[in-house]
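# Descriptive analysis of the structure
Chain by chain, the residues:
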Amino acid sequence: MRLLPMDDPDGKSDSASTPPIDGPDRSDRLTAEELAFLLRDPMLREREAERAARSNRSRTERRAADPAYAEHLRTGDRDRQRRRRLRESIGRPEPPEPPAIALPDLTEVEAAARLTAHLDGSASPQAAQLRSRPDRIRLYAEAFVAYRTLSNGGVRPTRGALAALLKSRFGRSVTPSQVQKLRDHVEGFASADGPWTLRSASPSGPARTRGAGKADTDSHAPRRPQP
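A few points on the structure.

Definitions and limits used
- Residues numbered from 1 in each chain as written.
- Predicted model: local features only at pLDDT ≥ 70, side-chain atom pairs only at ≥ 80, totals over all residues.
- Heavy atoms only, no water.
- Phe/Tyr/Trp six-rings, centres within 6.5 Å; stacked < 30°, edge-to-face > 60°.
- Helix = DSSP H or I, 4+ residues; strand = E, 2+ residues; numbered from the N terminus.
- Buried < 20%, exposed > 50% of the residue type's maximum accessible area, 1.4 Å probe, protein only.
- Lys NZ or Arg CZ within 6 Å of the ring centre and 35° of its normal.
- Expected span 1.5 Å × (residues − 1).
- Contact = heavy atoms within 4.5 Å.
- Salt bridge = Lys/Arg side-chain N within 4 Å of Asp/Glu carboxyl O.
- Patch = residues over 30% accessible without salt bridge, like charges linked within 9 Å, V, L, I, M, F, W, Y side chains within 5 Å.
- Areas by Shrake-Rupley, 256 points an atom, 1.4 Å probe, with all protein chains shown as cover.
- Lys, Arg positive; Asp, Glu negative; His and termini not counted.
- Charge placed at Lys NZ, Arg CZ, Asp CG, Glu CD.

## A few points about the packing of aromatic side chains
For the coordinates displayed, the defined rule picks out 3 aromatic pairs. Aromatic pair Y140 and F189: ring centres 5.7 Å apart, planes at 65°, arrangement edge-to-face. Remark: F189 occurs in helix 9 (residues 176-189) and Y140 occurs in helix 7 (residues 134-150); sequence separation between them is 49 residues. Look at Y140 and you get buried, because its relative accessible area is 1%. Here a set of aromatic residues connected by ring pairs shows up, and it is made of Y140, F144, F189 and W196. Across from the ring centre of Y69, 3.9 Å away, lies the NZ or CZ of R62, which sits over that ring.

## As for helix 9
The terminal C-alpha atoms of helix 9 lie 20 Å apart, and with 14 residues this matches the ideal 20 Å at 1.5 Å per residue to within 8%. Turning to helix 9, its buried residues are V179, L182, R183, D184, H185, V186, E187, G188 and F189. Close packing links the buried residues of helix 9 with helix 5 (108-120), helix 6 (125-131), helix 7 and helix 8 (159-170).

## A word on the pattern of salt bridges
Applying the stated rule across the entire model yields 10 salt bridges. D77 serves as the salt-bridge partner of R80, at 2.3 Å between the closest nitrogen and oxygen. Residue R80 and its partner D77 are located together in helix 4 (residues 67-89), separated by 3 residues, close to a single helical turn. Ionic pairing is found between R148 and D105, a salt bridge with its closest N-O pair at 3.6 Å. Residue R148 is found in helix 7, and its partner D105 is found in the loop between helix 4 and helix 5; the two are separated by 43 residues along the sequence.

## So, a positive patch on the surface
A cluster of basic residues, R47, R51, R54 and R57, forms a positive patch on the protein surface. Its location among the elements puts R51 in helix 3 (residues 42-65).

Here is the structure:
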């Protein structure tokens, strides 16, 4: 005797309420784009690979022969890296801005005198190079004054504020990368044993030079002291 499914009070059978059996997992199926890529003509794929290789060779040869084109490519690379960093930074908290380095109360002339005395007592190649650049020493002294003026509240001056003050007060026009190095140099010279540390000797006195060779004062920014 075959049993028939029992009806529920609403007249529906139990089989109607039984959930359907799921089919096979389709998460491993290829997308339409992936399938189209795999089904392309092998000869077409080979021609595209050859065309890409020729393009890369041409770009490499032109980059070596044309400095302007090479700079154009580098600028594009930097822009793409900047956009990538911006995308990656979305949703992340901004890192705290480090505090300003405390500087002694010096005029531009006094700051230049301390820096000159410091360089005269150093035997490093960087110091010798900078001693032959009085214009660079004057620029550092101007950056010292601008940094100290803007950091009265204990906040590290921004590059834009430093560049604006150098332009308005001293007539100096600097690029963002140049003002970045100037700020780093001021902070480096204010580090321990530097000419602009608060514990530094007077302009006429001997300058301590134990750490003078730590930074390339002409082309590389010195490291800021760690707390």
